[in-house]
Amino acid sequence: HLFAYLGEYHNSEMVFDPTKPNIDQDAFERKDWTYSTMSQADRTEVLPPDMPVPRGEGFVIRCFVDADHAGDSLTRRSRTGFIVYINNAPVYWYSKRQGSVESSTYQAEFTAMKEATEYIRAPRYKLRMMGIPVEGPAYVFGDNQSVLANTTNPGSVLKKKCTAVAYHVVREGVARGEWITAYINTHLNIADLLTKPMTAGEKRNGFVKKILQHI
């Protein structure tokens, strides 16, 4: 949809900014996962055995993720939306209905977080195979505090089987150092643009300007 917009409105440009963003490290809690129920193998990221020796300068991956719970008025399926940046360049965006109906906002948001983090593994692998250093985790921002609390707490236990797959996928990635999660206010979460229709206004224009230039 972004490229269709660019084709229709020629006064807009997509700029791929290679500069690194400023990350507030204090917003990301780093916990000791040795006291969790995961084994050492579960807490270790698996690296490609045939990857070349990394050279040059590394990069920062950021991901903004959101879900619109039961947003489809016909099926009541939720919608996942996320956008991925490498440094300050938007490289991938996703907006799609989820595969099943979720009974709560918590389940919909956790499913969205799982889909976003599963995608993050792909660029990390590809860039490693190109010989580019992949140092540190990807920074994932979400606006559901219950989901984020469960992804960062090693002692957290989930009893709902229907959400367990998403729960363990996201938590294992945090424990391995593949990504790390933090809260972002919904008014600052650019993924909101990908989950629900927005009328023209200051919030929508602010989000669009983080992707397109000369609006």
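Above this text sits the structure in question.
Being a predicted model, the structure only gives us computed values, none of them experimental.

1. Structural notes on the side chain of Asp 66
Here Asp 66 shows up in strand E2 (residues 61–68). At 3.3 Å, the side chain of Asp 66 forms a polar contact with the side chain of Thr 195. If we skip the residues at most four places from it in the chain, Asp 66 touches Arg 79, Thr 80, Gly 81, Glu 109, Ala 112, Asp 143, Asn 189, Ala 191, Asp 192, Thr 195 and Lys 196.

2. Some remarks on the pattern of salt bridges
Scanning the model with the defined rule gives 12 salt bridges in all. A salt bridge links Lys 31 to Glu 29; the nearest nitrogen and oxygen atoms lie 3.7 Å apart. With relative accessibility at 36%, the residue Lys 31 sits in the partly exposed group. Residue Glu 178 is joined to Arg 121 by a salt bridge in which the shortest nitrogen-to-oxygen separation is 2.9 Å.

3. Some points on the sheet that holds strand E5 (residues 138–142)
Pairing in this open sheet of 5 strands is mixed, and the strands run E4-E3-E2-E5-E6 from one edge to the other. Pairing within the sheet leaves two strands with one partner each, and these edge strands are strand E4 (89–97) and strand E6 (179–183). Across this sheet, the average inter-strand angle for adjacent strands is 20°, counted without regard to direction. In the sheet, E2 pairs with strand E3 (residues 79–86) via 8 bridges, with the strands oriented antiparallel. Within the sheet, the bridge partner assigned to Ile 61 lies in E3 and is Ile 86. Sitting on the sheet, helix H2 (residues 105–129) is in contact with E2, E3, E4, E5 and E6, with an inclination near 155° to E2.

4. A closer look at the nonpolar core
Grouped together as the largest cluster of nonpolar side chains are 28 residues, with contacts concentrated most on Cys 63, Val 65, Phe 110, Met 113, Val 140 and Trp 179. For this core, the secondary structure elements donating two or more residues are E2, E3, H2, E5, helix H3 (145–152) and helix H4 (161–176). Counting residues per element, this core draws most heavily on H2, at 8 residues. Met 14, Phe 64, Ile 83 and Tyr 139 belong to the second largest nonpolar core, which has 20 residues in total.

5. Description of the packing of aromatic side chains
Taken as a whole and assessed by the stated rule, the structure comprises 10 aromatic pairs. Plain terms: the ring middles of Phe 82 and Tyr 119 are 6.1 Å apart, the flat faces sit at 40° to each other, and that makes the pair tilted. With a gap of 37 residues between them, Phe 82 in strand E3 and Tyr 119 in helix H2 connect regions that are remote in the sequence. When the ring of Tyr 106 is compared with that of Phe 110, the centres are 5.4 Å apart and the planes differ by 80°; the resulting orientation is edge-to-face. Linking Tyr 106 with Phe 110, this pair stays in helix H2, spanning 4 residues, or about one helical turn. Taken together through their ring pairs, the aromatic side chains of Phe 28, Phe 64, Tyr 85, Tyr 139 and Phe 141 make up a single cluster. In this arrangement the basic side chain of Arg 62 is found over the ring face of Tyr 85, its NZ or CZ atom lying 4.9 Å from the centre.

6. A look at the pairing of E2
Of all 8 residues in E2, 8 are buried; the element is thus mostly enclosed. Residues Ile 61, Cys 63, Val 65 and Ala 67 point to one face of E2 and Arg 62, Phe 64, Asp 66 and Asp 68 to the other, with burial holding for every one of them.

7. A word on the packing of H2 against H4
Viewed as axis vectors pointing N to C, H2 and H4 meet at an angle of 45°, and their least axial separation amounts to 9 Å. Taken together, the axes of H2 and H4 lie oblique to each other. Crossing geometry of H2 relative to H4 is assigned as left-handed. Contacts between H2 and H4 pair Tyr 106, Gln 107, Phe 110, Thr 111, Met 113, Lys 114, Thr 117, Glu 118 and Arg 121 from the former with Cys 162, Thr 163, Val 165, Ala 166, Tyr 167, Val 169, Val 170 and Arg 176 from the latter.

8. Some points on the environment of Pro 52
Within the fold, Pro 52 resides in the loop between strand E1 (13–14) and E2. For Pro 52, a relative accessible area of 34% corresponds to the partly exposed category. Along the primary structure Pro 52 and Pro 133 are separated by 81 residues, whereas in three dimensions their C-alpha atoms are 10.0 Å apart. Non-local contacts of Pro 52, meaning those with residues more than four positions away in its chain, are made with Arg 128, Met 129, Met 130 and Gly 131.

What counts and what doesn't
- Residues numbered from 1 in each chain as written.
- Predicted model: local features only at pLDDT ≥ 70, side-chain atom pairs only at ≥ 80, totals over all residues.
- Heavy atoms only, no water.
- Helix = DSSP H or I, 4+ residues; strand = E, 2+ residues; numbered from the N terminus.
- Polar contact = N/O pair within 3.5 Å; in protein donor to acceptor, adjacent residues only side chain to side chain.
- Contact = heavy atoms within 4.5 Å.
- Salt bridge = Lys/Arg side-chain N within 4 Å of Asp/Glu carboxyl O.
- Buried < 20%, exposed > 50% of the residue type's maximum accessible area, 1.4 Å probe, protein only.
- Pairing = 2+ DSSP bridges.
- Axes fitted to C-alpha atoms, helices over the stretch in contact; angles between N-to-C directions.
- Core = buried A, V, L, I, M, F, W, Y, C linked by side-chain atoms within 4.5 Å.
- Phe/Tyr/Trp six-rings, centres within 6.5 Å; stacked < 30°, edge-to-face > 60°.
- Lys NZ or Arg CZ within 6 Å of the ring centre and 35° of its normal.
- Parallel < 35°, antiparallel > 145°, perpendicular 65-115°, else oblique.
- Left-handed = near helix turned anticlockwise from the far one by under 90°.

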